Amino acid sequence: MRRVHLQAGTMKVFVINLARRRDRRAAMIAQMLSLKMAFETVTALDATIVSEAWIARHFTATGPLGRLSKGDQCCSLSHRKAWFTFLAHGAPYAVFLEDDVVLNPAAPRLLGDPDWLPPGIDVLKLEHFGPQSQRVLVGERIEIGRGRSVAPILSRHTGAAAYVLSRRAAIELLAAERWDVPVDHLLFNPNVSALATTLKPYQLLPAIARQALCGVSDIKPWRLAGNIFGPALIKREVIRAYYELRLLPQQIAQVLSGQAALVRVANNIAPIAAPASHTLLQQRGVA
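These numbers come from a predicted model, not from an experiment. (Residues numbered from 1 in each chain as written. Predicted model: local features only at pLDDT ≥ 70, side-chain atom pairs only at ≥ 80, totals over all residues. Heavy atoms only, no water.)

Asker: Please set out the state of the cysteines residue by residue, giving values where relevant.
Answerer: On inspection of all chains with the given rule, the structure shows zero disulfides. Summary of cysteine pairing: cysteine 74 is not part of a disulfide, and the nearest cysteine sulfur, belonging to cysteine 75, is at 8.9 Å. (Disulfide = S-S within 2.5 Å.)

Below is the structure:
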């Protein structure tokens, strides 16, 4: 594990929220107020409103994970919209949060500015996604102080509820005309994403975020509609299995050579619970 000199700057925070999900917006406002964190809301694209023809301009007909559901497509384009908003500001880095994320109390110290961020890191995942016992393959860890480190992600660790982008990364991501995987795989799954290989995403260890608020999913119904058993589903799962395993020999070699290790990402500090949103918002004059 190595230490680095850190770089100064300012970090914007963007929260992606569907206009009709006022419950999630209220919970996020309450949580961010309790953490004393400033943020800007980016209105997400609504799959119940956006036309299929417009979406088709931004995605390939199929890809390594098969045809993407309309919900996944709109979620991905909502992140894209947030990246454009970020580039309209002068900040060198930005934090992107989905509206169902819970942040650890350590978040304000880290997300106020990127002084702790090692040079050369353009994509940093702040979140732990999946079971608490899940392990992710990472490369050499770099200490950043405060009991945390960062390490390059060498295997799939999906979810896009909380991450940091540099301006360079946002520009490169937006240069891609059409996507063939959803945004979380695009950023954090080198098995299926060339951009994930090029941008070399890092993981914050331990993580400071996890999807947990307002558990009703707006994307799940769209995914379930595409999971009808038949030849198309079988073909999709076979293709997915190939992509999931294609880097396995390289990953095993990295572990055996000591270049990589499987680590737990889960936060070792209990995440905060968002306060009772309506009461707190009334107190702050927001509701």
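Asker: Tell me about the nonpolar core, residues and numbers included.
Answerer: In terms of nonpolar packing, the biggest core is built from 46 residues, with Trp83, Phe96, Tyr163, Leu165, Leu173 and Leu187 touching the most fellow members. For this core, the leading source of residues is helix α3 (residues 70-87), giving five residues. Beyond its immediate sequence surroundings of up to four residues, leucine 187 is in contact with Trp83, Val123, Tyr163, Leu165, Leu173, Ala196 and Pro201. Formed by 30 residues, the second largest nonpolar core is a distinct cluster that contains Leu97, Leu103, Leu204 and Ile208. (Core = buried A, V, L, I, M, F, W, Y, C linked by side-chain atoms within 4.5 Å. Buried < 20%, exposed > 50% of the residue type's maximum accessible area, 1.4 Å probe, protein only. Helix = DSSP H or I, 4+ residues; strand = E, 2+ residues; numbered from the N terminus. Contact = heavy atoms within 4.5 Å.)

Asker: So, unusual backbone geometry: which residues are in play, and what are the values?
Answerer: Residues apart from glycine generally show negative phi values, whereas peptide bonds are mostly found in trans. Following leucine 205, the chain continues into proline 206 via a peptide bond in cis, with omega recorded as -15°. As for its placement among the helices and strands, proline 206 is situated in the loop between β11 (202-205) and β12 (209-211). Phi is positive for lysine 36, which is not a glycine, with a value near 60°. The exposure class of lysine 36 is exposed, given its relative accessible area of 71%.

Asker: Any chance you could break down the confidence of the model for the chain for me, citing the residues and the numbers?
Answerer: Caution applies to low-pLDDT regions: their predicted coordinates should not be interpreted in detail. Here the chain averages 81 in pLDDT, while 77% of its residues score no lower than 70. Low pLDDT (under 50) marks residues 1-9, which in the prediction has 27 contacts with non-local residues, meaning those over four places away or in another chain. Note on residues 271-287: pLDDT under 50 across the span, and 32 contacts to partners over four residues away in sequence or across chains. (pLDDT = per-residue confidence, 0-100.)

Asker: Explain α3 to me, and be specific about the residues and the numbers.
Answerer: Taking 1.5 Å per residue as the helical rise, α3 with its 18 residues ought to reach 26 Å, and the 26 Å between its terminal C-alpha atoms agrees with that figure. Counting buried positions along α3 gives 14 out of 18 residues, so the element sits mostly inside the fold. (Expected span 1.5 Å × (residues − 1).)

Asker: Tell me about the packing of aromatic side chains, residues and numbers included.
Answerer: Applying the stated criterion to the full structure yields six aromatic pairs. Here the aromatic rings of phenylalanine 59 and tryptophan 179 are separated by 6.2 Å at their centres, their planes lie at 90°, and the arrangement is edge-to-face. Taken together, the residues phenylalanine 59 in the loop between α2 (52-56) and α3 and tryptophan 179 in the loop between α5 (167-175) and α6 (183-188) connect sequence positions 120 residues apart. The buried category is assigned to phenylalanine 59, whose relative accessible area is 3%. Residue classification places tryptophan 179 among the buried positions, given a relative accessible area of 3%. Through successive ring pairs, a cluster of aromatic residues spans Phe14, Phe86, Phe96, Tyr163 and Phe188. In this arrangement the basic side chain of lysine 125 is found over the ring face of phenylalanine 188, its NZ or CZ atom lying 4.5 Å from the centre. Here the guanidinium or amino end of arginine 167 rests over the ring plane of phenylalanine 86, the centre of that ring lying 5.5 Å away. (Phe/Tyr/Trp six-rings, centres within 6.5 Å; stacked < 30°, edge-to-face > 60°. Lys NZ or Arg CZ within 6 Å of the ring centre and 35° of its normal.)

Asker: Please set out the pattern of salt bridges residue by residue, giving values where relevant.
Answerer: Under the definition given, this model contains eight salt bridges. In this structure, arginine 24 engages aspartate 100 in a salt bridge whose closest nitrogen and oxygen atoms are separated by 4.0 Å. Here aspartate 100 lies in the loop between β4 (93-98) and β5 (101-103) and arginine 24 lies in helix α1 (residues 22-35), a separation of 76 residues in the sequence. Each member of the pair arginine 24 and aspartate 100 is classed as buried. Residue aspartate 122 pairs with arginine 168 through a salt bridge whose shortest N-O separation is 2.8 Å. Placement of aspartate 122 in the loop between α4 (107-111) and β6 (123-125) and of arginine 168 in helix α5 is noted, with a sequence separation of 46 residues between them. When salt bridges with common partners are traced through the structure, they connect Arg24, Asp99 and Asp100 into a single cluster. (Salt bridge = Lys/Arg side-chain N within 4 Å of Asp/Glu carboxyl O.)

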